[in-house]
Amino acid sequence: MRLSNSAKATLYKWRGRAARGALAGVAIALPQRCALCSCATGDACLCDACAAAIAPAADACPRCALPSAGGVPCGRCLAHPPAWDAALAAGPYAFPLDRMVQRLKYAADLPIAAALGERLAHAAMSADAVARVDALVPMPLAPARQRERGYNQAREIAKAVMRTAGLRVRDGLVRSRHAPPQADLPWRERVRNVRGAFAAAASFAGARVALVDDVMTSGATAAAAVSALRRGGALRVEVWTVARTLRG
Ligand SMILES: [Zn+2]
Ligand SMILES: [Zn+2]
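Just so we're clear, the structure is a prediction, and the values are computed from it rather than from any experiment. (Residues numbered from 1 in each chain as written. Chains lettered and ligands numbered in written order. Predicted model: local features only at pLDDT ≥ 70, side-chain atom pairs only at ≥ 80, totals over all residues. Heavy atoms only, no water.)

Further remarks concern the overall build of the protein chain. The number of helices and strands found in the protein chain is ten helices and nine strands. Counting all 248 residues of the protein chain, 48% fall into the buried class. Restricting the contact set of the protein chain to residue pairs at least 6 apart, pairs at least 24 apart contribute 69%. Here the protein chain has roughly 11,800 Å² of accessible surface; of this, 57% comes from carbon and sulfur atoms. (Helix = DSSP H or I, 4+ residues; strand = E, 2+ residues; numbered from the N terminus. Buried < 20%, exposed > 50% of the residue type's maximum accessible area, 1.4 Å probe, protein only. Contact = heavy atoms within 4.5 Å. Areas by Shrake-Rupley, 256 points an atom, 1.4 Å probe, with all protein chains shown as cover.)

Written out as C-alpha cells, the structure is:
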C-alpha cells in the first residue's frame, strides 16, 4: 500500500512525538502562521499555496538531485558516481527557497528553519527515503562561524525534519580543520579546499544516515563530509539538502 505524503507526515509525526514524549507534541500542535505569507495554517509551517510553490524537481537524478529526464541516474553520476548513495532536495535554489535560506543564515530567522525542514521532510517522504536511513546528521559549521552566528542552520533544519519525519538527529560529525568558505573559491578548487576538513568524532559503525544541509552547490563539501562518515563506519550515507543549485 502506498501512503500519501500527508498520511506519512501524520504517521511520522506521531512516531516522533511518541519518541520525544507528549510535551514536545503539544508545542507542535499549536496553531501557526505561514512563514512566507503569514496566513493561518493550522499546524503546518507554510500554507498550501506557499508549500505548492516549493517542489522537488519532477525528474531528478537519484544520486545528485539534479534534473534528469525520467528520474534515472544522470550521465555524470553513471560516469563518476558521487561519494554518497542518494541525494534529494526540497527544490531548486531559486525563489522562494533561496530567500528563505538566506533569512535563516544571515538574518537569524530561526522559525523559518521549521518551514524549510518540513519541506525537506516532505521531499524525503515523496522519494520514500525516510525508511532508508536511521538518523539525520547536520552538516557542521566551522567552530569560528558557529560562534559568530550562534547556531548552525543545518542543525535547525535537521531538527525540523526530525519533527516531521520522525528521524532522530545524531551528532558526531565535526570540522577537523578550518577551510576558507567555498563560495569564495572557483569550483575546481573547492574539492581540494575541503578535503580532510571533516572527521567522525563518534562511531558511525553500521549507521544509515542522511547528511542534512541547507544548499548543495558543487557537492565538494558534501563529498568531504560523506567520506568522514564512511571512515567512521557509516554503511549508507544520503545527502538531503533544502535546495539544490541547478548549475551542476
Ligand atoms: Zn503562505
Ligand atoms: Zn546525477
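Let us now look at the coordination of the zinc ion (ligand 1). Around the zinc ion (ligand 1), the protein contributes the donor atoms Cys34 (SG), Cys37 (SG), Cys47 (SG) and Cys50 (SG), which lie 2.3 to 2.4 Å from the metal centre. Coordination at the zinc ion (ligand 1) comes from four donor atoms whose angles at the metal span 101 to 118°, giving a geometry best classed as tetrahedral. (Donors = N, O, S within 2.8 Å, 3.2 Å for Na, K, Ca; no water. Tetrahedral: all angles 85-135°; square planar, octahedral: opposite > 155°, others 65-115°.)

A few words on the sheet that holds strand 4 (residues 135–138). Remark on secondary structure: sheet strands pair via backbone hydrogen bonds, oriented parallel or antiparallel. In space, the five strands of this open sheet follow the order 3-9-8-4-5, with parallel pairing throughout. Every other strand in the sheet has two partners, leaving strand 3 (86–92) and strand 5 (168–169) as the edge strands with one partner each. (Pairing = 2+ DSSP bridges.)

Enumeration over the complete set of coordinates arrives at eight salt bridges. Taken together, the shared-partner salt bridges in this structure form one network comprising Arg132, Arg236 and Glu238. (Salt bridge = Lys/Arg side-chain N within 4 Å of Asp/Glu carboxyl O.)

With 88% of its residues at a pLDDT of at least 70, the protein chain reaches an overall mean of 88. Scored below 50 in pLDDT, residues 18–28 makes nine contacts in the model with residues more than four places away or belonging to other chains. (pLDDT = per-residue confidence, 0-100.)

At a minimum axis distance of 9 Å, the contact between helix 5 (residues 97–106) and helix 6 (residues 111–126) shows a crossing angle of 140°. It follows from the interaxial angle that helix 5 and helix 6 lie oblique. Read as a crossing pair, helix 5 and helix 6 show a hand that is left-handed. From helix 5, Leu97, Met100, Val101, Arg103 and Leu104 reach across to helix 6, where they touch Ile112, Ala113, Ala115 and Leu116. (Axes fitted to C-alpha atoms, helices over the stretch in contact; angles between N-to-C directions. Parallel < 35°, antiparallel > 145°, perpendicular 65-115°, else oblique. Left-handed = near helix turned anticlockwise from the far one by under 90°.)

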